[in-house]
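# Chain and residue survey
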Number of protein chains: 2
Amino acid sequence: MTIKDIAKMAGVSVAAVSRYFNGGSLSEEKREIIQKIVEENNYVPNAMAQTMRTGKSGNIGVIVPRLDSESFAQIMAGIADEVEKINYTVILGVTDNKKEKEIYYIEQMEKSKMDGIILMGTYMTPHLKTTLEKCLIPIVVTGQHFKGVPSVFYDDKSAMYDITKLMLKSKKHIAFIGAPSIDHAAGKMRKEGVEKALEEAGIDKKSLIAYESDFTIDGGYETMKKILKSHKKVDGVICATDRMAHGAMLAIREAGKNIPDDISITGVGDSWGDKISSPQLTTVQLYYKKCGQTAVNLLWGLMKGESDSHLISKVMLGYSIIERGSV
Amino acid sequence: MTIKDIAKMAGVSVAAVSRYFNGGSLSEEKREIIQKIVEENNYVPNAMAQTMRTGKSGNIGVIVPRLDSESFAQIMAGIADEVEKINYTVILGVTDNKKEKEIYYIEQMEKSKMDGIILMGTYMTPHLKTTLEKCLIPIVVTGQHFKGVPSVFYDDKSAMYDITKLMLKSKKHIAFIGAPSIDHAAGKMRKEGVEKALEEAGIDKKSLIAYESDFTIDGGYETMKKILKSHKKVDGVICATDRMAHGAMLAIREAGKNIPDDISITGVGDSWGDKISSPQLTTVQLYYKKCGQTAVNLLWGLMKGESDSHLISKVMLGYSIIERGSV
DNA sequence: ATTTAAATTGAAAACGATTACACTTTAGTT
DNA sequence: AACTAAAGTGTAATCGTTTTCAATTTAAAT
């Protein structure tokens, strides 16, 4: 069933049928007959042919490191939501945390005529930088603040500053289990937030007991064991992610210490697991879903070539501190 | 940069360039010169034009109820893995648990020339049934056993049978917090597994204290409160999902009871949260990722028109009982 | 040196839409 | 009634590929 068939059945030209769908001057009379035929035959224009002719695919490419991570899945959910609203389709690329795949997908998506790309950022590399610069279609990055690239990200530093201050109300000797520092947002910024709060409280940031771990429960667990062994005085642990915090809680409980009496602990993310541990985890809620939605809206502005989108091409999202029993 | 440009630069016909990419007889001499030009110009054929001409899009549509659910996200991850291996692309449709969207996406994906569809099943309706029957492109369903449709699903009944038997070793008065019975796999089958184990132990299945809840932590929590109030003798709770189990644990702890001494509890899913609750949750591990991968393989067979794929068009996945502290 | 078969080639016709262009009709003004 | 502007219409070119078909070249076999 092609536009030709419809045109023939309706007794009009293909141009008329095309105009029926895309708008263009068309008499009421013809509009009606075309509508009738289209509905009777349940005809929908072939998307591929449209793309080929117009150069617009109606597709938005989304590049994500992993899907089985609560934060990425939530951002993804927000993206899917919003993309549907503007009647576009999402094309998925999962990088499995491999930088070369990230670049591969960007190039691939550009070639296969995506109308826009959303990249869930991890960290910047020179190669990624040049790829991003070369990329001709609109692209927005989430979760990271890449210079020169439109992005939607969290106020990681302030969030950590706030939660650290909260902990400092009752505790003195703070340890920090951070994310890899190559990750600007989750690694570097979050640590800086902690340090800032510390300094403000008159504690030299050099004295901060800081470790880096790998986002996992096990990583948090092992790191906490180390801390417990070599820093007996620690009475508060700030973790850069919820999962690491839960791992650390395991280690603390295992050592026979009480949370929060002996040691307080905090995470980041407001995962569902935070409500089921005992005590429940005090954490910072980042608006993941909102992040995805915002990214689409920003991209949409870029795609439409709205002049002001280029000006407002960075948006920093807020957060909430969720106080529960672990502090 | 089109195939024409490349042809001109290489001094050959467009047909030759096309053959270079798609295989077809071509002299070594031409192959080399084309390769050189292609590489120099970093040329990649336009996917849309290819689709249009061949009718094959290289796309596999994946329809998922929600992304922010651990099980779906994991299945998705498995799908993405495998789809990449066969050099296809995944197109995403998120239904937000709405049946009409499910149907909409199936029809839409058929029209936009997906080469295959994977539907993460929830429950069957007459409308869905007819849509599935009308669908001309290969489709496979995951997580549910829909009659007449190729599917990959879990052995829900046996899994529940096993875990119930495990609980019956130490407990006598079992309650069951189930999923909505409209969901054949997570609702009906899981309950049947519990009942079967009960009967085998000489307990009339009619006497099973069974509630239905909604997959959420809160749902499990509220349901458990009801059970605690009206069925004081209950000493073991089987839950159809991990999240409900965790909600129930919350209620149990809140009531001042000890797990597992006073009441044992089990879930399904092996979520990451299971390791962080205290005690850790005994559960059944379903191979979600494997499920996604298998679905793609099955679909791939169907897409290639392998005769035997139609015969082996149902695959039932195994499971493991993970014993932890909650029983 | 022929003949025959096989491999290599390019021109041109699809694939299914959109749209520039030129032509008709209609409606609006004087 | 004559003229003009606007709205409605169809033809045909175009988007970037693949693939059929017929022609040509090469290789193998007699």
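The coordinates are above.
So, here is what we can say about the structure in this document. This is a predicted model, so every value here is computed, not measured.

This part covers the protein's contact with DNA strand C. Taken together, 25 residues are adjacent to DNA strand C, and Ile3(A), Asn46(A), Arg53(A), Arg19(B) and Arg53(B) come closest. For DNA strand C, the backbone makes up 58% of the atoms found within 4 Å of the protein, where backbone means sugar plus phosphate. Between DNA strand C and Tyr43(A) there is a distance of 2.8 Å, counted from a phosphate oxygen to a side-chain nitrogen or oxygen. Take Asn46(A): an N or O atom from its main chain is 2.5 Å from a phosphate oxygen of DNA strand C. Among the secondary structure elements, those contributing two or more residues to the surface near DNA strand C are helix 2 (14–22) and helix 4 (47–54) of chain A together with helix 2 (14–22) and helix 4 (47–54) of chain B. For the surface near DNA strand C, a count of residues per class yields eleven nonpolar, nine polar and five charged.

A few words on the protein's contact with DNA strand D. Residues in contact with DNA strand D amount to 25 residues; listed here are only the nearest, Arg19(A), Arg53(A), Ile3(B), Ser18(B) and Arg53(B). If you look at DNA strand D and keep only atoms within 4 Å of the protein, 55% of those are sugar or phosphate atoms. In this structure, a base oxygen belonging to DNA strand D sits 3.5 Å away from a side-chain N or O atom of Arg19(B). Within the residue set of the surface near DNA strand D, elements represented by two or more residues are helix 2 and helix 4 of chain A together with helix 2 and helix 4 of chain B. Along the lines of polarity and charge, the residues of the surface near DNA strand D split into eleven nonpolar, nine polar and five charged.

Moving on to the packing of aromatic side chains. This structure, assessed with the given rule, holds eleven aromatic pairs over all chains. Here Trp272(A) and Trp272(B) contribute two aromatic rings whose centre-to-centre distance is 6.2 Å and whose plane-to-plane angle is 65°, an arrangement assigned as edge-to-face. With one member in each of two chains, Trp272(A) in the loop between strand 9 (264–266) and strand 10 (283–286) and Trp272(B) in the loop between strand 9 (264–268) and strand 10 (282–286) form a pair that bridges those chains. A relative accessible area of 5% means that Trp272(A) is categorised as buried. Of the aromatic side chains, those joined through ring pairs into one cluster are Tyr20(A), Phe21(A) and Tyr43(A). The residue whose ring lies beneath Lys99(B) is Tyr123(B), and the NZ or CZ to ring-centre distance is 4.2 Å.

Let us now look at the relation of the copies chain B and chain A. Between the two copies of the chain lies a relationship made up of a rotation around an axis and a movement along it. In screw terms, the move from chain B to chain A is a rotation of 180° and a rise of 0.1 Å along the axis, fitting with an RMSD of 0.1 Å. Such a combination of turn and shift is consistent with a two-fold rotation axis. Mapped onto chain A, 100% of the interface residues of chain B again fall at the interface, so both copies present the same surface.

Residue and element names in this part refer to chain A. Residue Ile-259 is joined to Pro-260 through a cis peptide bond whose omega torsion reads 5°. By the element assignment, Pro-260 lies in the loop between helix 11 (242–254) and strand 9. If you check the backbone angles, Asn-42 has positive phi at about 55° while not being a glycine. Tracing the sequence through the fold places Asn-42 in the loop between helix 3 (28–41) and helix 4.

All names here are of chain B. Strands sit in the order 7-6-8-9-10-12 across an open sheet of six strands; the sheet is mixed. Because the sheet does not close on itself, it has two edges, and the strands there are strand 7 (209–212) and strand 12 (319–322). Geometrically, the sheet is characterised by an average inter-axis angle of 15° between neighbouring strands, direction not taken into account. In this structure, strand 6 (residues 174–178) lies alongside strand 7, joined through four bridges in parallel fashion. Considered in strand 7, the bridge of Ala-175 is made with Ile-209.

Glancing now at the sheet that holds strand 7 (residues 209–212) of chain A. All names here are of chain A. Pairing within the open sheet is parallel, and its four strands lie in the order 7-6-8-9. If you trace the sheet from one side to the other, it starts and ends with strand 7 and strand 9, each paired once. Looking at each pair of strands side by side, their axes are set apart by 15° on average, direction ignored. Bridge analysis of strand 8 (residues 236–239) against strand 9 gives three bridges, and the strand direction is parallel. Counted as the bridge partner of Ile-238 is Thr-266 from strand 9. Contacts between helix 10 (residues 217–230) and the sheet are confined to strand 6 (174–178), strand 7 and strand 8, with strand 6 contributing the most and set at about 155° to the helix. Of the strands in this sheet, strand 6, strand 8 and strand 9 touch helix 11, which is tilted by about 160° from strand 9.

The rules behind each value
Residues numbered from 1 in each chain as written. Chains lettered and ligands numbered in written order. Predicted model: local features only at pLDDT ≥ 70, side-chain atom pairs only at ≥ 80, totals over all residues. Heavy atoms only, no water. Near = heavy atom within 4 Å. Polar contact = N/O pair within 3.5 Å; in protein donor to acceptor, adjacent residues only side chain to side chain. Helix = DSSP H or I, 4+ residues; strand = E, 2+ residues; numbered from the N terminus. Nonpolar A, V, L, I, M, F, W, Y, C, P; charged D, E, K, R; others polar. Phe/Tyr/Trp six-rings, centres within 6.5 Å; stacked < 30°, edge-to-face > 60°. Buried < 20%, exposed > 50% of the residue type's maximum accessible area, 1.4 Å probe, protein only. Lys NZ or Arg CZ within 6 Å of the ring centre and 35° of its normal. Least-squares fit on C-alpha atoms with pLDDT ≥ 70 in both. Contact = heavy atoms within 4.5 Å. Pairing = 2+ DSSP bridges. Axes fitted to C-alpha atoms, helices over the stretch in contact; angles between N-to-C directions.

Honestly, it's all geometry; don't read function into it.
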